[in-house]
Amino acid sequence: MNYEADIAIIGAGPAGSTAAYLLSKVGLKVILIDKCFFPRDKLCGGLVSAKALRLLEKIFDETEESLNQKQIINFSSNKFEFVCKKKSLAKCYTKVPTHFVERTVYDKFLLDKALDSGTKIIYGEEVKKVDLDSNILITSQGNKINSKYIIGADGANSILRKEFEGIGSIDKESWLKNLGFAFETYIAKDKLSFETDTMYLYFGYMKTGYAWVFPNKDKLVVGIGGLLKELNNKDFKTIFNSFLISLGLDKKTVDDYIKDIRGHPIPFGNFIENPVYKNTILIGDAAGLVNPVTGEGIYYAQRSAEIAVDVILKNYNNPGNLVEDYTKNLNLHLMPELLKTRKRRNMYFRIFNNYYLGKIVTFFMFRKVKYV
Ligand SMILES: Cc1cc2nc3c(=O)[nH]c(=O)nc-3n(C[C@H](O)[C@H](O)[C@H](O)COP(=O)(O)OP(=O)(O)OC[C@H]3O[C@@H](n4cnc5c(N)ncnc54)[C@H](O)[C@@H]3O)c2cc1C
């Protein structure tokens, strides 16, 4: 079957659904294609930072209260603790809570917003081929989508990014250099003996990465992630195993959890310099836009979607300036913070991976928000 659209978007994660919503709202014909059926799960800690929440409120005309009422926010916590191996570096209390979502619920909520504003979705079909010159997408079912613009919001394993590599517009080596990988599992709250309403960040397990325990309403999200080039899959699993044991779980319980762990790549400082070619734009994880220390990606996915939409609308009838405009706006609004964070990354991890240094630095960093 052949489809025609103004904009075709690959991937209905936070990046793709946000772009679809904004473009459909101004009356453009948008087709969103996702290889999954929704609701679908996505491996993620589900942490929504304060800036991510503000952006969500602004774009979708929601409030913290409405998101709580609709149960989009699954859990909120004012407490966090930094730990180096088993020793606490700092226990803190923030005025503004950190929010946690379940991606199954969150992504469906964003997708519904896009559908309500007129986006058409093709579910369960994987985009297999993209012609960057004629703007034609071909799906696993052989369907063809012809559009004026293409947005690649297809995550860390983006097919569109691979097409960019194919034409030499992106360097594969530099993508791999800062690629991260993360494992996660869910643990029942009653399995752990410490406070389960607190967000914990654990250092000292990896050179460039960390482990976490994030609170949810009815479970804990436990994970570990870091730079892939420093470790292989087997090492990650061994480290995750010793991390779970250090949380106080017995060996049999850990063995059961280890069977169920899932892993996923995560961009970790591999931002793409020119994530745009002719009428095709990469956003979110597909463009490598994730914080290279914390791994926060939801904010950058939705903010890059907003930037891409602004640029497409501005250049809609004259796409000649799209490449320059998108790069310029990313450099203005997102890249300074991301590049600065990547530059300081080794320093941050050297500090938090060392108990004494970590203790001193967190003392000054968090002196106004300590609760213990
Ligand atoms: C273990 C882990 C924990 C994380 N924790 C956090 C956290 O706590 N907070 C945070 O802010 N970020 C976190 N992140 C990062 C966050 O998950 C990503 O940055 C975010 O999901 C990026 O959104 P996206 O829309 O760009 O891509 P995605 O959410 O990956 O969505 C991509 C979509 O594209 C679809 N797709 C892919 N390829 C194709 C194709 N060829 N054809 C059709 N459809 C396709 C997929 O099915 C998917 O629905 C974490 C990541 C990992 C791996």
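An unreviewed UniProt entry annotates the chain as Digeranylgeranylglycerophospholipid reductase of Candidatus Methanofastidiosum methylothiophilum.

### A word on the site of the ligand
Near the ligand you find 38 residues, and of these D34, G45, R103, V127 and D285 are the closest. At 3.1 Å, a backbone N or O of K35 approaches a nitrogen atom of the ligand. Listed by contribution, the elements that provide at least two residues to the shell around the ligand are α1 (14-25), β10 (179-187), β14 (262-267) and α9 (298-314). In the shell around the ligand, the residues fall into 18 nonpolar, nine polar and eleven charged. Two domains each provide a minimum of three residues to the shell around the ligand, namely domain 1 (2-75 + 101-176 + 270-344) and domain 2 (179-267 + 347-365).

### A few points about the UniProt feature "domain: FAD-binding" (unreviewed entry) in the chain
Residues annotated by UniProt as "domain: FAD-binding" (unreviewed entry) correspond here to residues 5-164. This span, residues 5-164, is 31% helix and 36% strand, and a straight line between its end C-alpha atoms measures 22 Å.

### Overview of the side chain of S66
For S66, the location among the structural elements is in helix α3 (residues 64-69). Residue classification places S66 among the buried residues on the basis of a relative accessible area of 14%. Among the polar contacts made by the side chain of S66, one reaches the side chain of E62 at a distance of 2.6 Å.

### With respect to empty space enclosed by the protein
With the rule as written, the count across this model stands at one cavity of 30 Å³ or more. There is about 90 Å³ of room inside the largest cavity. Residue lining of the largest cavity: 13 residues in total, with C44, V101, E102, R103 and Y186 positioned closest to the centre. For the lining of the largest cavity, the class distribution of residues is four nonpolar, four polar and five charged. A domain split of the lining of the largest cavity shows at least three residues from each of domain 1 (2-75 + 101-176 + 270-344) and domain 2 (179-267 + 347-365).

### What about the domain arrangement of the chain?
Reports of interface size often rely on the accessible area that becomes lost once the parts have come together. Split into domains, the chain comes out as domain 1 (2-75 + 101-176 + 270-344) and domain 2 (179-267 + 347-365). Domain 1 and domain 2 are separated by 28 Å when their C-alpha centres are compared. Listed as interface residues are 23 residues of domain 1 and, on the opposing side, 24 residues of domain 2. Both faces considered, domain 1 and domain 2 share a buried interface measuring about 2,200 Å² in area, 58% of it formed by carbon and sulfur atoms. The interface formed by domain 1 and domain 2 holds two salt bridges in total. Ionic pairing is found between E102 and K219, a salt bridge with its closest N-O pair at 3.6 Å. The interface formed by domain 1 and domain 2 holds nine residue pairs in polar contact (both at pLDDT 80 or more) in total. Elements represented by at least two residues in the side of domain 1 that touches domain 2 include exactly α6 (172-177) and α11 (335-352).

About the cut-offs
Residues numbered from 1 in each chain as written. Predicted model: local features only at pLDDT ≥ 70, side-chain atom pairs only at ≥ 80, totals over all residues. Heavy atoms only, no water. Near = heavy atom within 4 Å. Polar contact = N/O pair within 3.5 Å; in protein donor to acceptor, adjacent residues only side chain to side chain. Helix = DSSP H or I, 4+ residues; strand = E, 2+ residues; numbered from the N terminus. Nonpolar A, V, L, I, M, F, W, Y, C, P; charged D, E, K, R; others polar. Domains from an automatic or database assignment. UniProt positions renumbered as here; feature names shortened; annotations may be inferred. Buried < 20%, exposed > 50% of the residue type's maximum accessible area, 1.4 Å probe, protein only. 1 Å grid on protein atoms, 1.4 Å probe; cavity = no way out; pocket = protein on both sides within 12 Å on 5 of 7 lines; lining within 4 Å. Points joined across faces, edges and corners; volume = space filled by probe spheres on them. Contact = heavy atoms within 4.5 Å. Buried area = accessible area lost by both parts, 1.4 Å probe. Salt bridge = Lys/Arg side-chain N within 4 Å of Asp/Glu carboxyl O.

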